[in-house]
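# Geometric and topological summary
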Amino acid sequence: MSSWGKFAAVTLGALFAIGINGQKASAKKTPQKVDPITETYSNMTSAKMLTPTQLKPNNTTTFDIILKPRNEGQMYSDALAVNTPGNSQFKHYITQDGIRDKYGQPTSVTNDWKTYLKKHHLTANAFKSGLVMTVKGKIKDIDKTFKVNINKATYHSNPLQFGKHAPKIPGRLSDTVYTVIGMTDHNKKYFYPDSNMQFDVKNPAANLSADTKGDSGYYEAGGTSRFVNRYNLDKLYQQGATGKGQTVGLITFGGVRRSDVLHFWKHENASTASSRFTVKNVQGDIFNKDFLSPADDEATMDVEYAGSVAPQADVRMYESKNPLPNLQNITNAFSTAYQEAKVSSLSLSWGTGSDEYYNLLINRGVMDPHYVNLFNLLFAQGALQGISTFAASGDTGAPMYSMRGISGNRVLLDRKTDVADPINTNPFITSVGGTTLPFTHKLGSGATISASKERAWGSDYYWDVLQNNPEMLNSTPGLLMILGAGGGGGFSHLYSTPTYQQGVKGVNTFAARTYLSNLNQPIFGQTLITGTDYGRNYPDVAANADPTTGYNVYMKSKHGNGWQENGGTSIVGPQIAGATAVINSLSGRQPMGFWNPQIYQLAQTSDSPFTPMNSTTDNSNMYYTGQPNTIYNQATGLGTINFDKLAKAYK
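Residues numbered from 1 in each chain as written. Predicted model: local features only at pLDDT ≥ 70, side-chain atom pairs only at ≥ 80, totals over all residues. Heavy atoms only, no water.

### A short note on the nonpolar core
Rules: Here the nonpolar core consists of buried residues drawn from Ala, Val, Leu, Ile, Met, Phe, Trp, Tyr and Cys, with membership extended through side-chain atoms lying within 4.5 Å. Only protein chains enter the accessibility calculation, which uses a 1.4 Å probe; a residue is then buried when its area is under 20% of its type maximum, exposed when over 50%, and partly exposed in between. Secondary structure counts use DSSP, requiring at least four H or I residues in a row for a helix and at least two E residues in a row for a strand, with both numbered from the N terminus. In this description, contact between two residues means that some pair of their heavy atoms is separated by no more than 4.5 Å.
Counting 145 residues, the largest nonpolar core has W113, F643 and L646 as its most contacted members. Take this core: its biggest share by element is ten residues, from helix α14 (residues 371-385). Non-local contacts of F643, meaning those with residues more than four positions away in its chain, are made with F227, Y231, N232, L233, L236, I576, A579, I583 and W595. By size, the runner-up hydrophobic cluster in this structure holds 21 residues, among which are A447, A451, L466 and Y515.

Have a look at this one:
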């Protein structure tokens, strides 16, 4: 879920776009001969802190004012009610204007704010929800208005105070503020881990020796049909459903080249009408302009597959020109998509880091301590509007890379199963995990790796080979990076267990094995452990994501003849968003809306459209396995989807 084709050391299935960071930053350095084993382990344990560029008085920047919601608890209850069959509010979706009327601040408040800020030479715009306002202006005017040095701004108990003294803003306005985001992003205490630790999944054999490289280079990637045929979406095509009349939305933090997209769509027999693909630029800050990419790998993959799975649907990309997305970027991108209300489904392949990273920034005074509530306010809007929102669950398996502390200008890295990304685990988002399709491959040494059936995405299918060839890791340390990849999943303690998950067999219980050390060294013969946990269980559903059984993506602008193999949970989200558009295009259908309240009901029926993966062997995301006779498992959620059955059963 990070930058396309890369799994960054500090992310969530890719949700920290550090892959871009490490790639470009390293290009500026003078190459030095370093022992590859030493370098690999060093990159697994620490990363340099990347801090923002300081701003000058006449520079322009932006920040967001989050306004206090009215009836906040009712807002969350209603967001579930309109998506729950049997509830009197079921399918009674509301518009952004309706959200303002019931939960947001009235136009009189936002207009008052606009007038006040204009007098101070700042420009403000309010989203229709009455919950978010974007503010833009010169640093000198922001500093004067808020009595702050924005390059040193930190959070205080007063939501409008970022320096030693609180600004003198009229009480009628200050009383309406819930929090402010983006104001502290320029402080040097705000940082990103500049990690060179990347998991290059476009072709795992590229970094391996001839002994471990297969006869044909590696595995044969597929195209759109690999997803469509496997999960019975083709049967909906046969009924004339192609996504026509629907729009799939994609939140991205990089650009694409239209020529690449149209070439791919033509190859996949999808419509190449020029009007299909549109881009909406999202207002927000850029952490570092050096990392901007007009042709981003992740964004390109998302657009290509969303538009090929739904071959007649429109695709609208909401682009924030910041490859290292922050809280403000995420808020503005989703707020823009929800306000436009053009999309029936929406997918995100990026994230902003784990809760541990957020807590480090909170302790440094540069992260909003209300971020969990902010995400609830944000994503509940999509659920209220009947928009299906999806997010990739992660690509580093259950033991996520995270941060355990700071030493000087270095971030100390670790792998943990008890941290989670607050975005892809939010209870108002459908979290999509990863699987591996059946395959057999003979390595150059004569050994074979394989999966006999579709299983959770995890690289423990290498274990027999590695146990019999212990020298392999020393001779090819790059393999250690590959072994850490897998579908994100587990428990998020940021949120309580949602009502739709409560009582579902397998939720809040687990089976697991410790497959990896903190340095990705394989651990063999570990016994199965079982137990209980709490919080938001994720992912919700899963589909093929393993690069070993992955997909072809076209980028002529970057990759030789243009074709590149790839995988990751970040390719699952756009495809499921596309499949949602296909179902929505069936005759007489209402929008599917937020999936979760309904799919957990359907998963408990006798003819469930989901296939759970319950095996405790050969079925892990590098920690969690399946649980026999359950409906839910933390490695793959409810399991894989039969879209033909889902379309028939979904109300």
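Now that the structure has been shown, the text picks up again.
### Quick word on the packing of aromatic side chains
Rules: Only the six-membered ring of Trp is used, alongside the rings of Phe and Tyr, when aromatic pairs are assigned; centres must lie within 6.5 Å, and planes under 30 degrees apart are stacked while those over 60 apart are edge-to-face, with the rest tilted. We count a charge as sitting over a ring when the NZ of a lysine or the CZ of an arginine lies within 6 Å of the ring centre and within 35 degrees of the ring normal.
Under the defined criterion, the tally for this structure stands at 34 aromatic pairs. The rings of Y190, F191, Y192, F334, Y338, Y357, Y358, Y371, F375 and F379 are connected pair by pair, giving a single aromatic cluster. For R276, the ring lying beneath its charged end belongs to W265, and the centroid distance is 4.1 Å.

### Let's talk about the side chain of H186
Quick note on the threshold: Polar contacts, as used here, are pairs of N or O atoms within 3.5 Å; protein pairs need one atom able to donate a hydrogen and one able to accept it. Residues neighboring in sequence count only if both atoms are side-chain atoms.
On the secondary structure map, H186 appears in the loop between β6 (177-181) and β7 (192-194). Within the structure, H186 has its side chain in polar contact with the side chain of T61 (distance 3.1 Å). Contacts of H186, omitting those with residues within four sequence positions, involve P52, Q54, L55, T61, I150, N151 and D285.

### Some thoughts on the sheet that holds β7
Counted only if it meets this: By the convention used here, strands pair only if DSSP detects at least 2 bridges between them. Here an angle of 0 to 180 degrees is reported between the N-to-C directions of two axes, which are lines fitted to C-alpha atoms, with helices fitted over the stretch in contact.
Within the open sheet, the four strands sit side by side as β7-β2-β15-β14. Their pairing is antiparallel. If you trace the sheet from one side to the other, it starts and ends with β7 and β14 (400-407), each paired once. Strand-to-strand twist in this sheet, taken as the mean axis angle between neighbours without regard to direction, amounts to 45°. Taken together, the three bridges between strand β2 (residues 46-50) and β7 define a ladder with antiparallel strand orientation. Directly across from M49, in β7, lies its bridge partner P193. The strands that helix α2 (residues 36-45) touches are β2, β14 and β15 (410-416); relative to β15, the one it contacts most, it runs at about 90°. On top of the sheet, helix α13 (residues 355-363) reaches β7, β14 and β15; it is set at about 20° to β14, its chief contact.

### Considerations on the pattern of salt bridges
What counts here: By convention in these notes, a salt bridge is any Lys or Arg side-chain nitrogen within 4 Å of a carboxyl oxygen on Asp or Glu.
Within this structure, the stated rule accounts for ten salt bridges. For the salt bridge of R316 with E340, the shortest nitrogen-to-oxygen distance reads 2.8 Å. Placement of R316 in strand β11 (residues 314-319) and of E340 in helix α12 (residues 327-340) is noted, with a sequence separation of 24 residues between them. The exposure class assigned to R316 is buried, which follows from its relative accessible area of 11%. One salt bridge connects E319 with K321, and the closest N-O pair in it is separated by 3.3 Å.

### Some words on unusual backbone geometry
With omega at 5°, the peptide bond leading from Y538 into P539 counts as cis. Relative to the assigned elements, P539 resides in the loop between β23 (536-538) and β24 (541-544). Phi at N508 is positive, roughly 65°, even though this residue is not glycine. Relative to the elements of secondary structure, N508 occurs in the loop between β20 (490-492) and β21 (509-512). Since its relative accessible area comes to 21%, N508 is described here as partly exposed. A positive phi angle, close to 60°, is found at N629, a residue other than glycine. Along the chain, N629 turns up in the loop between β27 (610-611) and β28 (640-641).

### Comments concerning α2
Inclusion rule: Working definition: the arc comes from the directions between the helix axis and the C-beta atoms, pointing outward to the latter.
Taken together, the buried positions of α2 are occupied by T40, N43 and M44. Down the axis of α2, the buried set is contained in an arc of 105°. They therefore lie on one face. Packing partners of the buried residues in α2 comprise β2, β14, β15 and α17 (479-483).

### Structural notes on the environment of Y554
In this fold, Y554 is placed in strand β25 (residues 551-554). Here the alpha-carbon distance between Y554 and H267, two residues 287 residues apart in the chain, equals 9.6 Å. When near neighbours in sequence (up to four residues on either side) are disregarded, Y554 contacts D260, H263, F264, T300, E304, N561, G562 and W563.

### As for the confidence of the model for the protein
The criterion, for reference: The quantity known as pLDDT measures the predictor's confidence residue by residue, on a range of 0 to 100.
When the pLDDT values of the protein are averaged, the result is 89; 90% of them are 70 or greater. Between residues 2-31, whose pLDDT stays under 50, and residues either more than four places distant or in other chains, the model counts 131 contacts. In this model, residues 197-218 is a region of pLDDT below 50 whose contacts with residues beyond four sequence positions or in other chains number 65 contacts.

### Thoughts on the sheet that holds strand β3 (residues 60-67)
Sheet architecture is open: four strands sit in the order β4-β5-β3-β6, paired in antiparallel fashion. In this open sheet, the two strands that pair with only one neighbour each are β4 (123-126) and β6. The average undirected angle you get between the axes of adjacent strands in this sheet is 20°. Pairing between β4 and strand β5 (residues 132-138): four bridges, direction antiparallel. Across the sheet, residue N125 finds its bridge partner in β5, namely T134. Here helix α6 (residues 139-146) sits on the sheet in contact with β3 and β5, set at roughly 115° to β5. Packing against the sheet, α12 makes contact with β3, β4, β5 and β6, and its axis sits at approximately 65° to β3.

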